[in-house]
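# Coordinates in review
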Amino acid sequence: TPGDLVSRVEVDRPGPSYTADTLETLTDELGPARCFFLMGEDSLRDFPTWRDPERILELAELGVVGRPGIDTDLEQLTAALPALAGRVHVAQIDELPYSSSEIRQRVANGLPIDDLTAEPVVQYIQDHGLYLPREASD
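In short, a report on the structure. Each chain has its residues counted from 1, running along the sequence as written. In keeping with the predicted nature of the model, local features appear solely for residues at pLDDT of at least 70, side-chain atom pairs appear and are counted solely at 80 or more, and the whole-chain, interface and lining totals rest on all residues. Only hydrogens and water are set aside when side-chain values are computed; all heavy atoms of the structure are taken into account.

## Considering the overall build of the chain
Across its full length, the chain carries seven helices and three strands. Only runs of H or I of at least four residues qualify as helices and only runs of E of at least two qualify as strands under DSSP, and these elements are numbered from the N terminus. The helix and strand sequence of the chain, counted from the amino end, reads α-α-β-α-α-β-α-β-α-α. C-alpha extents for the chain along the principal axes are approximately 50 × 40 × 35 Å. With a 1.4 Å probe rolled over the protein chains alone, any residue whose accessible area is under 20% of its type maximum counts as buried; one over 50% counts as exposed, and the rest are partly exposed. Out of the 138 residues in the chain, the part that is buried amounts to 28%. Any two residues whose heavy atoms approach within 4.5 Å are treated as being in contact. Considering only intrachain contacts with a sequence separation of at least 6, the fraction spanning at least 24 residues in the chain is 66%.

Below is the structure:
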């Protein structure tokens, strides 16, 4: 849609890619804006163990979508990571039964993802060869 932006910052970066570094690059490129990092509730549960979670929360708020069978205690998470306070927004939508990791794995295994995400996303992944296994160099 008009005004949307797709960034290749993680795809083009050599080596490991960390969310905090990506958000910092994007906020530097885009200037002042209210940023949201979207994740599933399963990822929120593990968020305190991520690399630099406090820095992530300085750069963006978290938009969280529920996952079937996952019930995260936000109070307990906030006690473990006080920077979460006021930075988590739970989206009230139908829970999605799959994660982005599952989509990436399906693409890597040559399986279809048409029923898991929107057609423009499928097309972008195909057009740019994302998530395919890298061939070993000689």
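We are not done yet, so read on.
## So, the side chain of Glu 41
Relative to the elements of secondary structure, Glu 41 occurs in helix H3 (residues 41-46). Residue Glu 41 is classed as buried on the basis of its relative accessible area, which comes to 14%. In this structure Glu 41 touches Val 64, Val 65, Gly 66, Arg 67, Ile 70, Asp 71 and Thr 72, once residues within four positions along its chain are discounted.

## Structural notes on the pairing of strand S2 (residues 61-65)
Judged by how many residues are buried, S2 sits mostly within the fold: five of five residues are covered. Side chains of S2 alternate between two faces, with Glu 61, Gly 63 and Val 65 and Leu 62 and Val 64 buried alike. Strands were regarded as paired on the criterion that DSSP finds at least two bridges between them. Summarising the sheet, strand S1 (residues 36-40) and S2 pair through five bridges and their orientation is parallel. Residue pairing across strands places Met 39 opposite Val 64, the latter belonging to S2.

## Section: the nonpolar core
In terms of nonpolar packing, the biggest core is built from 16 residues, with Met 39, Leu 44, Phe 47, Leu 62 and Leu 84 touching the most fellow members. Looking at this core, the elements that each hand over two or more residues are helix H2 (19-30), S1, helix H4 (53-59) and S2. Contact partners of Leu 84, with chain neighbours within four places excluded, come to Leu 44, Phe 47, Leu 57, Leu 62, Leu 77 and Thr 78. Put simply, a nonpolar core is a bunch of buried Ala, Val, Leu, Ile, Met, Phe, Trp, Tyr and Cys residues held in one set by side-chain atoms that sit within 4.5 Å of each other. Core analysis: the next-biggest nonpolar cluster, separate from the first, contains eight residues, Val 107, Ile 113, Leu 116 and Val 122 among them.

## A look at the packing of aromatic side chains
Two rings belonging to Phe, Tyr or Trp (six-membered ring only in the last case) form a pair when the distance between their centres is within 6.5 Å. Interplanar angles under 30 degrees mark stacking, angles over 60 mark edge-to-face geometry, and anything in between is tilted. Counted under the stated rule, the structure contains two aromatic pairs. Both rings, one in Phe 37 and one in Trp 50, keep their centres 5.9 Å apart while their planes meet at 85°; by these two values the pair is edge-to-face. Of the two residues, Phe 37 sits in strand S1 while Trp 50 sits in the loop between H3 and H4, which places them 13 residues apart along the sequence. Each residue in the set Phe 37, Phe 47 and Trp 50 is aromatic and connected to the rest through ring pairs, giving one cluster. A ring is considered to have a charge above it if a Lys NZ or an Arg CZ atom is located within 6 Å of its centre and within 35 degrees of its normal. In this structure, Arg 51 is placed above the aromatic ring of Tyr 18, and the distance from its NZ or CZ to the ring centre is 4.1 Å.

These figures capture arrangement, not role.
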